[in-house]
Amino acid sequence: MDNSDSAEGGQTGEVPKYAGDMPDEDVDHNPDAAPPEPTAPTLDGLSPIPGYQNIGFSGDFLPPPPFEDVVQPPEERKDITNLSVISEDEARQALRLYVGENCCFGKKPVEELTFTELQSSNAFHYELDTYTEARSTEWTFVPYTGGPLDGPENGPAPGPWDIPAQSTTKPCHNCFAVGFIRCWHCHGRGQNRCTSCSGSGKRMDDEEACPFCNGTGKRDCLTCHSKGNVICKICQGHRILKYFIQLTIKWHKHDDNHIVERTSLPDKLVKKVEGQTAFEETYPRVYPIQHFAEQEINNASASLISKHQYSMERILMQRHRVRIVPVTVCRYKWDDTDSDFIVYGLDKKVHAPDYPQQSCFGCSVL
């Protein structure tokens, strides 16, 4: 990289009086005046760095190096077994706790209902987590205050998936290496028209001299302290900018789920409840499950692992697992009415949208 511009940067000392173009007359004081937007930097004068020829000032994510290892299934995988079923006493106690958590639910059906059937099954929850890293590079700059620069004399720049560390200097594009720009408040004149007397130098009600400007009709510009110049906010008065390629790293966690559940129990409840982790693997790349008795889980594993391939991110680690959640549909009769509720999860949660007494005396359901 060319370091011919690497002259020592530094503060230019006291802000000099502005001597460039300015209005012929003082301008009105404008409390809402804002500094102009800095000019855009260019890549002119920056020698291209091998591997970074197309890098600009807006970060673009770069494809990671290819994953060279061949993904193979583990030599041995444990069998996935089903969970035990619950009894009528356990089902009734689970419903009793559920009703107790709802103050307006009547307790009579819990104690009087007669079970007609307990139908047990298992819901299966497949989870895939993929942890990735994305990298982007862009040219950026900071005020150059002196000191060494990392250039080509230190060797070629590492690739974007290594540690980039080269820099160079350029004159500030915003102030043209002066360190100052014309004050935007007074347009370089160092003073504004007095707002009290509108520049006349006299009080409005008589011919006495205006006490705020001592009869001059002018007041010192407070933005530039009467200099007409303000320090360039890009180089902060150092005149020289240090340019370098900045690496940005972002880490992500991508997660997907697939639920196999064939009762009326909503899938979202299966995700939240306690279950048994029957299978779990963590590798740089996981291999799809193929040995599970429920073929839908095998298919979901293959599909989601295929989905978790990212062209602009490097995969650091993957983890997948199968959770088994016990589900029991409890059918019963109460007050000559047939109904049911579902007990699910190792913590025996209850889903009972049709419970017969959902409001107590004096309460109304809005």
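Residues numbered from 1 in each chain as written. Predicted model: local features only at pLDDT ≥ 70, side-chain atom pairs only at ≥ 80, totals over all residues. Heavy atoms only, no water.

> I tried to follow the sheet that holds strand 7 (residues 218–220) on my own but got confused; where do I start?
Remark on secondary structure: sheet strands pair via backbone hydrogen bonds, oriented parallel or antiparallel. The strand order 1-6-7 describes an open sheet built from three strands, whose pairing is mixed. For this open sheet the edge positions go to strand 1 (27–28) and strand 7, each flanked by a neighbour on one side alone. One ladder, built from two bridges, connects strand 1 with strand 6 (residues 191–193); its direction is parallel. From the neighbouring strand, Asp 28 faces strand 6, where its bridge partner is Arg 193. (Pairing = 2+ DSSP bridges. Helix = DSSP H or I, 4+ residues; strand = E, 2+ residues; numbered from the N terminus.)

> Looking at this structure, how should I read the side chain of Glu 127?
Within the element layout of this structure, Glu 127 appears in strand 3 (residues 114–143). Assessed through its relative accessible area of 14%, Glu 127 is described here as buried. One polar contact links Glu 127 to Arg 321, side chain to side chain, over a distance of 2.6 Å. Each residue touching Glu 127, except ones within four places of it in the same chain, is listed here: Asp 256, Asn 257, Arg 319, His 320, Arg 321 and Arg 323. (Buried < 20%, exposed > 50% of the residue type's maximum accessible area, 1.4 Å probe, protein only. Polar contact = N/O pair within 3.5 Å; in protein donor to acceptor, adjacent residues only side chain to side chain. Contact = heavy atoms within 4.5 Å.)

> Could you clarify how one ought to interpret the pattern of salt bridges in this entry?
Two side chains that carry opposite charge are able to pair once their charged atoms sit near each other. Within the structure shown, the criterion is met by 12 salt bridges. Among the salt bridges present, the one from Arg 331 reaches Glu 117, with a minimum N-O distance of 3.2 Å. With a gap of 214 residues between them, Arg 331 in strand 11 (residues 314–334) and Glu 117 in strand 3 connect regions that are remote in the sequence. Of the residues examined, Glu 117 reaches a relative accessible area of 39% and is grouped as partly exposed. Among the ionic pairs, Asp 256 bridges to Lys 307, the shortest N-O distance being 3.2 Å. (Salt bridge = Lys/Arg side-chain N within 4 Å of Asp/Glu carboxyl O.)

> I would appreciate a short explanation of the packing of aromatic side chains in the present structure.
Between two aromatic rings, the relevant description is the distance of the centres plus the angle of the planes. Within this structure, the stated rule accounts for six aromatic pairs. Ring pairs connect the aromatic residues Tyr 98, Phe 105 and Tyr 355, which therefore count as one cluster. In this arrangement the basic side chain of Lys 170 is found over the ring face of Tyr 243, its NZ or CZ atom lying 5.3 Å from the centre. (Phe/Tyr/Trp six-rings, centres within 6.5 Å; stacked < 30°, edge-to-face > 60°. Lys NZ or Arg CZ within 6 Å of the ring centre and 35° of its normal.)

> I tried to follow the confidence of the model for the protein chain on my own but got confused; where do I start?
Atom-level detail of predicted coordinates should not be read off regions where pLDDT is low. In this model, the protein chain carries an average pLDDT of 84, and 85% of its residues clear a pLDDT of 70 or more. For the protein chain, strand 2 (residues 60–61) is the element with the lowest average pLDDT, namely 68, and strand 13 (residues 349–351) is the one with the highest, namely 97. (pLDDT = per-residue confidence, 0-100.)

> Teacher, can you tell me more about the environment of Asn 214 here?
Looking at the secondary structure, you find Asn 214 in the loop between strand 6 and strand 7. Taking the relative accessible area as the measure of exposure, Asn 214 reaches 67% and is therefore exposed. Along the backbone, Asn 214 and Gly 201 are 13 residues apart, and their C-alpha atoms lie at a distance of 7.1 Å.

> Which parts of the structure should I look at to understand the nonpolar core?
Grouped burial of nonpolar side chains is what soluble globular proteins tend to show. Ranked by internal contacts, the top residues of the largest apolar core, which has 19 residues, are Trp 139, Cys 172 and Cys 232. Sorting elements by how many residues they give to this core places strand 9 (residues 240–260) first, with three residues. Counting 18 residues, the second largest nonpolar core, distinct from the first, contains Ala 91, Tyr 98, Leu 113 and Tyr 332. (Core = buried A, V, L, I, M, F, W, Y, C linked by side-chain atoms within 4.5 Å.)

> Honestly, the environment of Gln 290 in this entry has me stumped. Any pointers?
Tracing the backbone through its elements, the reader meets Gln 290 in the loop between strand 10 (276–283) and helix 4 (295–307). In this structure, the C-alpha to C-alpha distance between Gln 290 and Ser 301, residues 11 residues apart in sequence, is 8.3 Å.

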